[in-house]
Amino acid sequence: MSLSKEEKLQLFKNYNIYGLTAEKFSNGRSNIEVVKAMLESGIKIIQYREKYKSLKEKYEECLQIRKLTRQYGALLIVNDHVDLCQMVGADGVHLGQEDYPAKEVRKILGEDFIIGVTTHTKDQVEKAVEDGADYIGLGPVFQSFTKDKPHPPIGLEMVSWAAKNCKIPFVAIGGIKEHNLKDVLEAGAKCVSLVTEIVGSDDISQKIKKLWDIIKEFERS
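Residues numbered from 1 in each chain as written. Predicted model: local features only at pLDDT ≥ 70, side-chain atom pairs only at ≥ 80, totals over all residues. Heavy atoms only, no water.

As recorded by an unreviewed UniProt entry, the protein chain carries the name Thiamine-phosphate synthase and is attributed to Caldicellulosiruptor naganoensis. The annotation that UniProt attaches to the protein chain under Function (unreviewed entry) is "Condenses 4-methyl-5-(beta-hydroxyethyl)thiazole monophosphate (THZ-P) and 2-methyl-4-amino-5-hydroxymethyl pyrimidine pyrophosphate (HMP-PP) to form thiamine monophosphate (TMP)." Listed under Pathway (unreviewed entry) in UniProt, the entry text for the protein chain is "Cofactor biosynthesis; thiamine diphosphate biosynthesis; thiamine phosphate from 4-amino-2-methyl-5-diphosphomethylpyrimidine and 4-methyl-5-(2-phosphoethyl)-thiazole: step 1/1." (UniProt positions renumbered as here; feature names shortened; annotations may be inferred.)

Draft legend 1. Expanded view of the pattern of salt bridges. Under the counting rule described, the total for this entry stands at 13 salt bridges. A salt bridge links Asp134 to Lys5, with the shortest nitrogen-to-oxygen separation between them at 3.2 Å. Here the residue Asp134 occupies a position in the loop between helix 6 (122-130) and strand 6 (135-138), and Lys5 occupies one in helix 1 (residues 5-13), the gap between them amounting to 129 residues. The partner of Asp80 in a salt bridge is Lys51, with the nearest N and O atoms 3.0 Å apart. One end of the pair, Asp80, is in the loop between strand 3 (75-79) and helix 4 (82-87); the other, Lys51, is in the loop between strand 2 (45-48) and helix 3 (55-71), and 29 residues separate them in sequence. (Salt bridge = Lys/Arg side-chain N within 4 Å of Asp/Glu carboxyl O. Helix = DSSP H or I, 4+ residues; strand = E, 2+ residues; numbered from the N terminus.)

Draft legend 2. Up close: helix 3. Counted at 1.5 Å a residue, the expected span for helix 3 with its 17 residues is 24 Å, and the 24 Å between its end C-alpha atoms agrees. When helix 3 is considered as a whole, its buried residues turn out to be Lys58, Glu61, Cys62, Ile65, Arg66, Leu68 and Thr69. Considered in projection along helix 3, the buried side chains sweep an arc of 165° and stay on one side of the axis. When the buried face of helix 3 is taken as reference, the exposed residues oriented beyond 90 degrees from it are Lys56, Lys67, Arg70 and Gln71. (Expected span 1.5 Å × (residues − 1). Buried < 20%, exposed > 50% of the residue type's maximum accessible area, 1.4 Å probe, protein only. Arc of directions from axis to C-beta.)

Draft legend 3. A look at the sheet that holds strand 5 (residues 114-119). Here eight strands make up a closed barrel; going around it, the order is 1-2-3-4-5-6-7-8 and the pairing parallel. Neighbour to neighbour, the strand axes of the sheet diverge by 25° on average, direction disregarded. For strand 5 and strand 6, the ladder comprises four bridges, and the chain directions are parallel. Residue pairing across strands places Val117 opposite Ile136, the latter belonging to strand 6. Against the sheet, helix 10 (residues 204-220) makes contact with strand 1 (16-20) and strand 8 (191-193), and its axis sits at roughly 150° relative to strand 1, the strand it touches most. (Pairing = 2+ DSSP bridges. Axes fitted to C-alpha atoms, helices over the stretch in contact; angles between N-to-C directions. Contact = heavy atoms within 4.5 Å.)

Draft legend 4. Structural detail: the UniProt feature "binding site: Mg(2+)" (unreviewed entry) in the protein chain. Taking the numbering used here, the UniProt-annotated feature "binding site: Mg(2+)" (unreviewed entry) corresponds to Asp80 and Asp99. For the annotated residues, spread through 20 residues, the largest C-alpha to C-alpha distance comes to 6.7 Å, consistent with a single compact locus. For Asp80, the residues in contact, after removing those within four places along its chain, are Lys51, Val93, His94, Leu95, Gly96 and Asp99. Relative to the helices and strands, Asp99 resides in the loop between strand 4 (92-95) and helix 5 (102-109). The class for Asp99 is partly exposed, based on a relative accessible area of 28%. Asp99 has contacts with Asp80 and His94, leaving out every residue within four places of it along the chain. Of the polar contacts made by the side chain of Asp99, one reaches the backbone nitrogen of Gly96; its length is 2.6 Å. (Polar contact = N/O pair within 3.5 Å; in protein donor to acceptor, adjacent residues only side chain to side chain.)

Draft legend 5. Here's a closer look at the packing of helix 2 (residues 31-40) against helix 10. Two numbers describe how helix 2 lies on helix 10: the axes approach to 9 Å, and their chain directions differ by 40°. When the axis of helix 2 is compared with that of helix 10, the two are oblique. As for how helix 2 packs across helix 10, the hand of that crossing is right-handed. Within the contact between the two elements, helix 2 uses Val34, Ala37 and Met38 and helix 10 uses Ile204, Ser205 and Ile208. Here the residues of the contact of helix 2 with helix 10 are counted per class, giving five nonpolar, one polar and no charged. (Parallel < 35°, antiparallel > 145°, perpendicular 65-115°, else oblique. Left-handed = near helix turned anticlockwise from the far one by under 90°. Nonpolar A, V, L, I, M, F, W, Y, C, P; charged D, E, K, R; others polar.)

Draft legend 6. A look at the side chain of Lys207. For Lys207, the location among the structural elements is in helix 10. Judged by its relative accessible area of 14%, Lys207 is buried. One polar contact links Lys207 to Glu178, side chain to side chain, over a distance of 2.7 Å. Those residues in contact with Lys207 that sit more than four places away from it in its chain are Glu178, Glu197, Ile198 and Ser201.

Rendered as structure tokens:
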């Protein structure tokens with residue numbers, strides 16, 4: 001049974017983990033292996049982000065990941081590529097500040113697809129909301145090295161501001177680890193992404209279990 005768009009967006013509003021691929025940091029494991037481990041561990045949102053492969057390789061991987069996400073009742077968000085999102089039947093696309101504007105992408109994808117936008121500042125958050133984004137990626141909260149030209153950390157204060165002022169769900173991302181996850185939750189984030197902390201772990205399933213334990217304990221407190 002397929003989820004409605006509102007049901008899909010509820011995943012971003014709940015306390016949740018937003019999974020990303022990052023094969024460069026995955027200790028020799030493939031994106032497919034890592035995604036399967038994330039899905040088996042209960043992660044319900046997967047973003048395919050791969051900067052160093054050909055379009056054909058990305059397409060073939062996304063087809064496999066789309067099949068897996070359907071099996072596990074999870075969402076697939078494709079980074080950057082609007083056309084790839086359409087071709088593989090993904091649930092949505094995630095856009096960076098250097099990508100096409102969300103309001104123009106909406107004209108192509110229509111209302112059924114989810115559109116996320118990376119943001120670093122209050123102005124960018126407000127612009128993403130104005131342009132009709134469904135959720136934003138907010139970060140990097142702490143220093144992050146997953147990108148070739150990382151943006152300076154925005155800090156927990158920005159997370160707190162977004163929790164109080166952002167009208168759409170947001171995913172806190174960037175430099176978040178097991179040891180500082182609670183700080184990010186206390187700042188007001190509900191949906192969080194821990195990229196290298198998960199994909200670079202020796203035991204992905206065990207690492208995700210520890211993260212879920214922190215989140216569930218925080219929910220109960």
